[in-house]
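Each chain is listed here by its residues.
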Amino acid sequence: MKSKPTIISITGGKGGVGKTQVAVNLSISLAEQNKKVLLLDADLGLSNIDILLGLNPVLNLSNVMNNTCQISDIILKGPMGLDILPASSGVMSMVSQDLRFYGGLMAAIDTILDGYDYFIIDTAAGISPSVIPFLCHSDELIVVFIDDPTSIMDAYAVIKIMNQHYARKKFYVIPNCVKSMQDGSSLFAKLTNVAGRFLHVSLNELGWVPEDAHVRKAVQHQKAVVEMFPGSRISEAFRLIAKKLISQKLELRVGRTQYEKQPEKERPSAID
Ligand SMILES: Nc1ncnc2c1ncn2[C@@H]1O[C@H](COP(=O)(O)OP(=O)(O)OP(=O)(O)O)[C@@H](O)[C@H]1O
Ligand SMILES: [Mg+2]
């Protein structure tokens, strides 16, 4: 019997923090290490992944949801044997749907998950009803954030909602666009400080991703940075993150931080 994959959502609350870059490059890095990976573009109304990888899907999730085709018909082949489920762009029926819609979508996807090691979900920005169902369907959550007070607050907000409303206690986090390992650690500390004060959660830093000009060049060529510039600093960072995921088998040990919950008396404000 074939096994089911570990389902991982890449989230972060704030828009533009690098969720899609992490989802795409981490998926390819896992595939490079002989893992069978399926990547879902869950930004259902504003798809990006097919464009970023220079793919031209004829069919996408909107065709599946309006019963024009089967889910297996829309799978695209990406780098390193990565399989991709593309979303639509500018299709109103894919935006702001109800819970039944997401249940139907996940049920359709579940029929093709056998044999994959990882199912990676690149979520849209925000914590709206179009994001939460994917987070709830995931075994693990990776929260991507950058060194910006609004990004740290939004990452905290995702963690808080998933903890208080959906009883999630474990989160992986990835500081993105950092300058050095030290910067990555201090950014991780900013998030753990605020989460530790107000929530009972364990946060595990999967690694950090440097800000790297190769990303822009790769985007312009519609290639993933790990494919186009495998020797770059950022590609090495993604390889390390993929290795860490594989080595942990996503059984999150109590990581660098384990906090006791304290009464939520005040809104966290000092993030500096
Ligand atoms: N580590 C990095 N180094 C350099 N540029 C980066 C890095 N990570 C992301 N970017 C750039 O930042 C921008 C936002 O990245 P991305 O689209 O991955 O964010 P996102 O969180 O998925 O956004 P959205 O919320 O709109 O889906 C893009 O132009 C991307 O190329
Ligand atoms: Mg995105």
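Worth saying up front: this structure is predicted, and the values here are computed from it rather than measured.

Undergrad: Give a description of the environment of Lys14 that names residues and reports values.
TA: Its location among the elements puts Lys14 in the loop between strand E1 (6–11) and helix H1 (19–32). Owing to a relative accessible area of 24%, Lys14 belongs among the partly exposed residues under this scheme. For the pair formed by Lys14 and Phe188, sequence separation is 174 residues and the distance between their alpha carbons is 16 Å. When sequence neighbours within four positions are dropped, the list of residues in contact with Lys14 reads Lys19, Ala125, Asp148, Thr150, Ser151 and Asp154. Side-chain polar atoms of Lys14 contact the side chain of Thr150, separated by 3.4 Å.

Undergrad: Outline the pairing of strand E7 (residues 170–175), supporting the account with residue identities and numerical values.
TA: Among the six residues of E7, five are classified as buried, and the element is accordingly described as predominantly covered. Bridging between strand E6 (residues 140–145) and E7 involves four bridges; their strand directions are parallel. Along E7, the bridge assignment pairs Ile142 with Tyr172. The parallel pair E6 and E7 is bridged by helix H6 (residues 149–166), and the resulting crossover is right-handed. Sheet topology note: the E7/strand E8 (residues 202–205) ladder contains four bridges and is parallel. Residue pairing in the sheet places Lys170 in a bridge with Ser202 of E8. Once you follow E7 into helix H7 (residues 181–198) and on to E8, the crossover reads as right-handed.

Undergrad: I'd like a rundown of the pairing of E1, residues and numbers included.
TA: Buried residues dominate E1, accounting for five of its six residues. As paired strands, E1 and strand E5 (residues 118–123) are joined by five bridges and run parallel to one another. If you follow Ile8 over to E5, its bridge partner there is Ile120. Taken together, the four bridges between E1 and E6 define a ladder with parallel strand orientation. Looking across to E6, one finds that Ile8 is bridged to Glu140.

Undergrad: How would you sum up the environment of Val144? Please name residues and give values.
TA: Relative to the assigned elements, Val144 resides in strand E6. Counting along the chain gives 122 residues from Val144 to Val22, while the straight-line C-alpha distance between them is 8.0 Å. Setting aside anything within four residues of it in sequence, one finds Val144 in contact with Ile10, Thr11, Gly12, Val17, Gly18, Lys19, Val22, Ile174 and Asn176.

Undergrad: Quick one: what's the story with the sheet that holds strand E4 (residues 83–85), residue by residue and with numbers?
TA: The eight strands lie next to each other as E3-E4-E2-E5-E1-E6-E7-E8, forming an open sheet whose pairing is mixed. If you trace the sheet from one side to the other, it starts and ends with strand E3 (76–77) and E8, each paired once. Its contacts with the sheet place H6 against E1, E6, E7 and E8, and it is angled at close to 165° to E6.

Undergrad: Outline the site of ligand 1, listing residues and values.
TA: Around ligand 1, 18 residues are found, and the nearest of them are Lys19, Thr20, Gln21, Asn176 and Pro210. In this structure, Thr20 approaches ligand 1 through a side-chain N or O atom, which is 2.8 Å from an oxygen atom. Contact with the protein chains removes 73% of the 630 Å² of surface that ligand 1 exposes when unbound. Elements that contribute at least two residues to the shell around ligand 1 include exactly H1 and helix H8 (214–220). Sort the elements by how many residues they give to the shell around ligand 1 and H1 lands first, with three residues. Of the residues contributing to the shell around ligand 1, the split by class is eight nonpolar, six polar and four charged.

Undergrad: I'd like to hear about the packing of aromatic side chains, residue by residue, with values.
TA: Counted according to the given criterion, the structure contains three aromatic pairs. An angle of 85° between the planes, with centres 5.2 Å apart, marks the rings of Phe101 and Tyr102 as edge-to-face. With respect to burial, Phe101 and Tyr102 carry one shared label: buried. Arranged with centres 5.7 Å apart and planes meeting at 80°, the rings of Tyr102 and Phe134 form a pair that is edge-to-face. Separated by 32 residues along the polypeptide, Tyr102 in helix H4 (residues 99–110) and Phe134 in helix H5 (residues 132–136) bring together distant segments of the chain. For the residue pair Tyr102 and Phe134, the accessibility class agrees, reading buried in each case.

Calculation rules
Residues numbered from 1 in each chain as written. Chains lettered and ligands numbered in written order. Predicted model: local features only at pLDDT ≥ 70, side-chain atom pairs only at ≥ 80, totals over all residues. Heavy atoms only, no water. Helix = DSSP H or I, 4+ residues; strand = E, 2+ residues; numbered from the N terminus. Buried < 20%, exposed > 50% of the residue type's maximum accessible area, 1.4 Å probe, protein only. Contact = heavy atoms within 4.5 Å. Polar contact = N/O pair within 3.5 Å; in protein donor to acceptor, adjacent residues only side chain to side chain. Pairing = 2+ DSSP bridges. Right-handed = clockwise from strand over helix to strand, strands pointing away. Axes fitted to C-alpha atoms, helices over the stretch in contact; angles between N-to-C directions. Near = heavy atom within 4 Å. Areas by Shrake-Rupley, 256 points an atom, 1.4 Å probe, with all protein chains shown as cover. Nonpolar A, V, L, I, M, F, W, Y, C, P; charged D, E, K, R; others polar. Phe/Tyr/Trp six-rings, centres within 6.5 Å; stacked < 30°, edge-to-face > 60°.

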